[in-house]
Amino acid sequence: MPAMLLASLLGTYLDLYFTGKGMYAFPLRPFSDIFTINILFTLAVLPVFMISLLKIMENLTGWFRGMFVLAISIAMAAAEKMAESFGMFVHAENWHHLYTFIGYFLFIGLIAAFHGWMNGNR
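Residues numbered from 1 in each chain as written. Predicted model: local features only at pLDDT ≥ 70, side-chain atom pairs only at ≥ 80, totals over all residues. Heavy atoms only, no water.

Student: Would you mind showing me how to read a nonpolar patch on the surface here?
Tutor: A cluster of nonpolar residues, Leu98, Tyr99, Ile102, Phe105 and Leu106, forms a patch on the protein surface that exposes about 480 Å² of accessible area. Tracing the backbone through its elements, the reader meets Leu98 in helix H4 (residues 97-118). Leu98 sits in the exposed class, given a relative accessible area of 51%. (Patch = residues over 30% accessible without salt bridge, like charges linked within 9 Å, V, L, I, M, F, W, Y side chains within 5 Å. Areas by Shrake-Rupley, 256 points an atom, 1.4 Å probe, with all protein chains shown as cover. Salt bridge = Lys/Arg side-chain N within 4 Å of Asp/Glu carboxyl O. Helix = DSSP H or I, 4+ residues; strand = E, 2+ residues; numbered from the N terminus. Buried < 20%, exposed > 50% of the residue type's maximum accessible area, 1.4 Å probe, protein only.)

Student: What should I look at first to understand the side chain of His91 in this one?
Tutor: By the element assignment, His91 lies in strand S2 (residues 90-91). Separated by 3.4 Å, the side chains of His91 and Glu80 make a polar contact. Apart from residues lying up to four places away in sequence, His91 is in contact with Met23, Tyr24, Glu80, Glu84 and His97. (Polar contact = N/O pair within 3.5 Å; in protein donor to acceptor, adjacent residues only side chain to side chain. Contact = heavy atoms within 4.5 Å.)

Student: Before we go on, may I ask you to explain the packing of helix H2 (residues 39-58) against H4 in this structure?
Tutor: Two numbers describe a pair of packed helices, the interaxial angle and the distance between the axes. Contact pair H2 / H4: the axes reach a minimum separation of 11 Å and the direction vectors enclose 65°. In terms of axis orientation, H2 runs roughly perpendicular to H4. In this structure, H2 crosses over H4, and the sense of that crossing is right-handed. Residues Phe41, Leu46, Met50, Leu53, Leu54, Met57 and Glu58 of H2 touch H4, and the partners they reach there are Tyr104, Phe107, Ile108, Ile111, Ala112 and His115. (Axes fitted to C-alpha atoms, helices over the stretch in contact; angles between N-to-C directions. Parallel < 35°, antiparallel > 145°, perpendicular 65-115°, else oblique. Left-handed = near helix turned anticlockwise from the far one by under 90°.)

Written as structure tokens, this is what we have:
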């Protein structure tokens, strides 16, 4: 539960930061008159997604864990490109999908480290 909460809070604040800087926007989002971010993603999808990833990662060790995080980070960059084609996501012209890959790699690593710390692992 703490890792899910951290993922939600961190995801929300990162989205608020990057939308505020004009790096990306969410044209299709719930409560668009109130929020500049997609709160459905940051408050529901992201935490459930992270819990699923953490459950899988608990069964992996060493290189397998790192390769899993790498694969998920690549998949998120690809999913972002798909979301753009559906009009759910718009980036600034100077945005590179490499940023998404690196961001998710760091984000998942941080949440996994926090989860391990909270559970007394490593």
